[in-house]
Amino acid sequence: MDFRHQATTVAGVSAFNADALLLLVAGNKLPQDLPKPLAQALQSALKEGDLVLDNGRTLYLGKLAGVKAPRAAVAVAADTAPRAVKAALAQGLAQLKALGGKHLAVWLAGVDRVTAAHAEALTGATGDAVYVYRHTKPSASNGSKLSKVTLLCARADEPAVAQGLKRGAAIVAGVTLAREVANRPGNHCTPTMLGEQAQELGRAMKLKIEVFGRKEIEKLGMGSFLSVAQGSDEPPRFIVLRYDGAPDSEAPVVLVGKGITFDTGGISIKPAGEMDEMKFDMGGAASVLGTFRTIAQLKPKLNLIGLIPTCENMPSGKAVKPGDVVKSLSGQTVEILNTDAEGRLILCDALTYAERFKPRAVVDIATLTGACVIALGHHRSGLFTPHDDLAQALSAAGDAALDPCWRMPVDAEYDEVLKSNFADMANVGPRAGGAITAAMFLKRFAKKLRWAHLDIAGTAYKSGAQKGATGRPVGLLTHFVLAQAGAAAD
Ligand code: BES
Ligand code: MN
Ligand code: ZN
């Protein structure tokens, strides 16, 4: 998608040459500064009751006299905040994307100052509107010919809009990659294939990629990770991605993504209902790949490392059993009481591996617990960290990216449930507070790190008719990494 901006006057909006014009109005009153032909059309639609100024409403206006674009539509936003604008744009795009045009122009009427965040809202809404999964369903099509979007703005707003579109377009590319990888079924998206995806991304975007196989993972001593992998015929991979945007002397940010390409639960097997959705259990890994795609395009001045432990969690004669004790890379032993709590078992070794980079911050991203979905639903990801500054930075990044998270507690009291008579810790506690217990487990492997954990079990994908990966939290991670680059430059 080609995203552009164009400075224009109000009168210039109706004279702009595009295949379609999407006009956004905010609030429950028509803005004063509407282009004349549009003002007339909207006033009459209001009078006739065809248009209601309610949040999310749209009206297709077709061809209007005095408007150069051969089709126009209006979408109504609750207010002028980027979040409301994005939701309304999504509605408007749904109206227009399937029509004939290639080039869409967008005018945010009533938004006094168009900011970078508004521009990003437009790129995000457009990316979502036109993405179609086709890898194993080539017949699928969204019917959209849309290939170019121009955001019309006032001259004074141009620099911010240009920056927002550039950032937003890069995020769309990253989100699209994350969705594409995560949507692929378990028999296509294997650990081997994830390794190949990383290599391909490395070649395309000039990133350094290393992919370790079972032998090398054994040599490293990742006994906890390997215990999950041992039940599957698919060989595991440990993927290391590097983006070098600053001198070697600068401490990197490390992103760690859970890459369970299918989670059956192992011997503690899951019930059959919706088990197919456990193909999305590599959503964390997908978001790391997506974020690297975005960062490699934006080229900020910082060093970024990605770590992806990836394997299947399967039951078999070789699978790890409840009660088995394994030794992690950190040297700590773990009693595996439930083989379905496998995410933490692969992440803990990756966190220990992260220590060697002496990072300034480590963020792990994982579809880790059903309990997090119960706690927060599908809107905000769970954020766990003992470091207030990191919590602040990640929360702010999530808000700015319209990819929000919510901080959860990691008080020492929550750690007690992990006690085991047979190892340094158990891998599960009781049902209550399950998302926190998982974070407490990881925290035991992050003592030497400035670490945060994002539980994306509720946000990485959608169920039901809309079933599919969301590409979250690529937006959040991108904003976080860019802010870190800014802080490093200070
Ligand atoms: N991948 C699941 C978590 C999950 C559940 C993600 C639902 C998305 C939707 C994870 O590996 C898991 O099975 N967690 C268990 C932990 C339990 C055994 C302590 C869970 O949440 O039930
Ligand atoms: Mn599991
Ligand atoms: Zn899992």
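K.L.:
What's the story with the site of ligand 1 in this structure? I'm lost.
P.N.:
In the neighbourhood of ligand 1, 16 residues make up the surrounding shell, with Asp263, Lys270, Asp340, Glu342 and Gly370 lying closest. Side-chain polar atom of Asp263 to an oxygen atom of ligand 1: 2.9 Å apart, as the coordinates give it. Burial of ligand 1 by the surrounding chains reaches 77%, relative to a free accessible area of 510 Å². If you map ligand 1 onto the pockets, it falls in the second largest pocket. Taken together, the residues of the shell around ligand 1 sort by class into five nonpolar, four polar and seven charged.

K.L.:
Looking at this model, I keep getting lost on the sheet that holds strand β12 (residues 325–327). Mind explaining?
P.N.:
Two strands in a sheet stick together by hydrogen bonds in their backbones, pointing the same way (parallel) or opposite ways (antiparallel). With mixed pairing, the three strands of this open sheet are ordered in space as β12-β13-β17. The sheet terminates laterally at β12 and β17 (425–426), the two strands that pair on one side only. In this structure, β12 lies alongside strand β13 (residues 333–335), joined through three bridges in antiparallel fashion. Counted as the bridge partner of Val325 is Glu335 from β13.

K.L.:
Just checking my understanding: could you explain the sheet that holds strand β2 (residues 20–26) for this structure?
P.N.:
Pairing in this open sheet of six strands is mixed, and the strands run β1-β6-β5-β2-β4-β3 from one edge to the other. On the outer flanks of this sheet lie β1 (2–7) and β3 (58–62), each paired with one strand and no other. For this sheet the average axis-to-axis angle between neighbouring strands, irrespective of direction, equals 20°. Examined bridge by bridge, strand β5 (residues 103–109) and strand β6 (residues 148–153) share five bridges and lie parallel to one another. Looking at the pairing, Ala105 lines up with Thr150 of β6. Packing of helix α2 (residues 36–48) onto the sheet brings it into contact with β2, β3 and β4 (72–77), and relative to β2 it is tilted by some 60°. In this fold helix α3 (residues 82–96) packs onto β2, β3, β4 and β5, with an angle of close to 145° to the strand it touches most, β2.

K.L.:
Where do I start with the layout of surface pockets in this structure?
P.N.:
One way to see where empty space is left: roll a probe the size of a water molecule over the atoms. There is about 1,100 Å³ of room inside the second largest pocket. Of all the elements in the fold, those that place two or more residues in the lining of the second largest pocket are α11 (370–376) and α13 (434–443). At five residues, α11 tops the list of elements feeding residues into the lining of the second largest pocket. Among the residues making up the lining of the second largest pocket, the classes are represented as 17 nonpolar, 13 polar and ten charged.

K.L.:
Would you take a moment to explain the coordination of the zinc ion (ligand 3) for this structure?
P.N.:
In a perfect tetrahedron of four donors around a metal, the angles come out at 109.5 degrees. In a perfect octahedron of six, they are 90 or 180 degrees. With distances of 2.0 to 2.4 Å, the protein atoms coordinating the zinc ion (ligand 3) are Lys258 (NZ), Asp263 (OD), Asp281 (OD) and Glu342 (OE). In this structure, the zinc ion (ligand 3) is coordinated by six donor atoms arranged in octahedral fashion, with angles at the metal of 78 to 174°. The motif formed by the donor residues of the zinc ion (ligand 3), counted along the single chain, is K-x4-D-x17-D-x60-E.

K.L.:
Where do I start with the coordination of the manganese ion (ligand 2) in this structure?
P.N.:
Coordination of the manganese ion (ligand 2) by the protein involves Asp263 (OD), Asp340 (O), Asp340 (OD) and Glu342 (OE), with metal-donor separations of 2.0 to 2.2 Å. Here the manganese ion (ligand 2) binds six donor atoms, and the angle range of 71 to 169° at the metal identifies the geometry as irregular. All donors to the manganese ion (ligand 2) come from one chain, and their sequence spacing reads D-x76-D-x1-E. Separation of the manganese ion (ligand 2) from the zinc ion (ligand 3) amounts to 3.2 Å, with Asp263 serving as a shared donor to the pair. With Asp263 in strand β10 (residues 259–263) and Glu342 in the loop between β13 and α10 (343–354), this residue pair connects regions lying 79 residues apart in the sequence.

Conventions used here
The residue count restarts for each chain, going from 1 along the sequence in the order it is written. To read the labels, note that chains go from A and ligands from 1, taken in the order they are written. Reporting of local features is limited, given that this is a predicted model, to residues whose pLDDT is at least 70; pairs of side-chain atoms are given and counted only at 80 or more, and all residues count toward the totals for whole chains, interfaces and linings. Side-chain measures were taken over the full set of non-hydrogen atoms in the model, leaving aside hydrogen atoms and water. Throughout this document, a residue counts as near a molecule or strand when at least one of its heavy atoms sits within 4 Å of that molecule or strand. For the purposes of these results, a polar contact is taken to be a pair of N or O atoms within 3.5 Å, where, inside protein, one atom must be able to donate a hydrogen and its partner to accept one; residues adjacent in sequence count only when each atom of the pair is a side-chain atom. Only the protein chains shown count as covering a residue, and every accessible area follows the Shrake-Rupley method with a 1.4 Å probe. The rule is simple: put a 1 Å grid over the protein atoms alone, call a set of points where a 1.4 Å probe fits but cannot get out a cavity, call an open set with protein on both sides within 12 Å along at least five of seven lines a pocket, and count a residue as lining if it has an atom within 4 Å of a point. To qualify as sitting in a cavity or pocket, a molecule needs more than half of its atoms within 2 Å of the grid points. Amino acids are sorted into nonpolar (Ala, Val, Leu, Ile, Met, Phe, Trp, Tyr, Cys and Pro), charged (Asp, Glu, Lys and Arg) and polar (every other residue, Gly among them). In this scheme, strands are said to pair when DSSP sees at least two bridges between them. Numbering of helices and strands runs from the N terminus, with a helix taken as a DSSP run of H or I at least four residues long and a strand as a DSSP run of E at least two residues long. Fitted lines through C-alpha atoms serve as axes, helices being fitted only where they are in contact, and the angles separating the N-to-C directions of these axes extend from 0 to 180 degrees. Should any heavy atoms of two residues lie within 4.5 Å, those residues are counted as being in contact. Grid points are joined across faces, edges and corners, and a volume is the space filled by probe spheres set on the points. Note on donors: an N, O or S atom is included if it sits within 2.8 Å of the metal, or within 3.2 Å for Na, K and Ca, and water is never included, so sites can look incomplete. Every angle between 85 and 135 degrees makes a four-donor site tetrahedral, while opposite donors more than 155 degrees apart, with all other angles between 65 and 115, make a four-donor site square planar and a six-donor site octahedral; other sites are irregular.

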